[in-house]
Amino acid sequence: GANDRGLSRKHIVEACEASLKRLGTDYIDLYYVHRLVGVAPFEEICAGLDLLLSQGKVLYLGASSMWAWQFAKLRAIQTEIGSQPFAAMQNFYNLVYREEEREMMPYCAHEGVGVVPWSPIARGFLAGNRPKEGAQSDRAKSDKHHQGYFGSKQDYEILRRVEKVARDTGAKPAQIAYAWVLSKSFVTAPIAGATKPWQLEEAVGALEILLTASQIKYLEAAYKPRPVTGHS
């Protein structure tokens, strides 16, 4: 049903209450809507989120991967009803997937929306720890979301360029991938996924890497448009 999942008013409120209970806190600083799942009208979604804002349970709102027109429409409705519009967008963005540069990134930059991209190192692909070209890692075989994301000749060419810049600068490939995302003025901060302490330290180390204009051009040159993904 509509209230079992998705973004109905009832589910938004119940999900927030459950989060507050798990976190043991009275409010959440930044509350993300995880994509547009379910069939709730945009007006209902905005009303449900506005209730959380008015009750002080949420201070700011964020959204994740969706079409730019959907994000723009939601923010327009929020403004129309006198609510606080989404302040952040968490979208899929890295050196091997740059389709968000077409609409979402310019929109966020124009509107002053914070961009907090997920998968900045392409689910580990740009870390350089990958199977030989044409093969699949264990994760790729079992993770349905990984299938079709990375592994094309174009992706491997971009990876080779990342590895070359890493060798030239004495950095790790993952750090170059992070540094590239950080080089974009419209990006607030990438989401660093880490399962081991050294991975977090590696990500933090990327903050010290300032890529040159020629390095950025070299890293980007192999990219060509690809099918849109990451929205569901």
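All figures in this text were calculated on a predicted structure; none of them were measured in a lab. (Residues numbered from 1 in each chain as written. Predicted model: local features only at pLDDT ≥ 70, side-chain atom pairs only at ≥ 80, totals over all residues. Heavy atoms only, no water.)

Caption draft 1: Representation of the environment of Arg22 within the structure. Within the secondary structure layout, Arg22 lies in helix H1 (residues 9-23). Side chain to side chain, Arg22 and Ser19 meet in a polar contact 3.2 Å long. (Helix = DSSP H or I, 4+ residues; strand = E, 2+ residues; numbered from the N terminus. Polar contact = N/O pair within 3.5 Å; in protein donor to acceptor, adjacent residues only side chain to side chain.)

Caption draft 2: Structural detail: a nonpolar patch on the surface. A cluster of nonpolar side chains, contributed by Tyr27, Leu30, Leu59 and Tyr60, occupies part of the molecular surface with about 370 Å² of accessible area. Within the secondary structure, Leu30 is located in strand E1 (residues 28-33). A relative accessible area of 35% means that Leu30 is categorised as partly exposed. (Patch = residues over 30% accessible without salt bridge, like charges linked within 9 Å, V, L, I, M, F, W, Y side chains within 5 Å. Areas by Shrake-Rupley, 256 points an atom, 1.4 Å probe, with all protein chains shown as cover. Salt bridge = Lys/Arg side-chain N within 4 Å of Asp/Glu carboxyl O. Buried < 20%, exposed > 50% of the residue type's maximum accessible area, 1.4 Å probe, protein only.)

Caption draft 3: Highlighting the sheet that holds strand E3 (residues 88-90). Read from one edge to the other, the open sheet built from four strands follows the order E1-E2-E3-E4, with strand pairing classed as parallel. The two strands at the open ends of the sheet, each matched to only one other strand, are E1 and strand E4 (114-115). Bridging between E1 and strand E2 (residues 58-64) involves five bridges; their strand directions are parallel. When the bridges of E2 are listed, Val33 appears paired with Ala63. (Pairing = 2+ DSSP bridges.)

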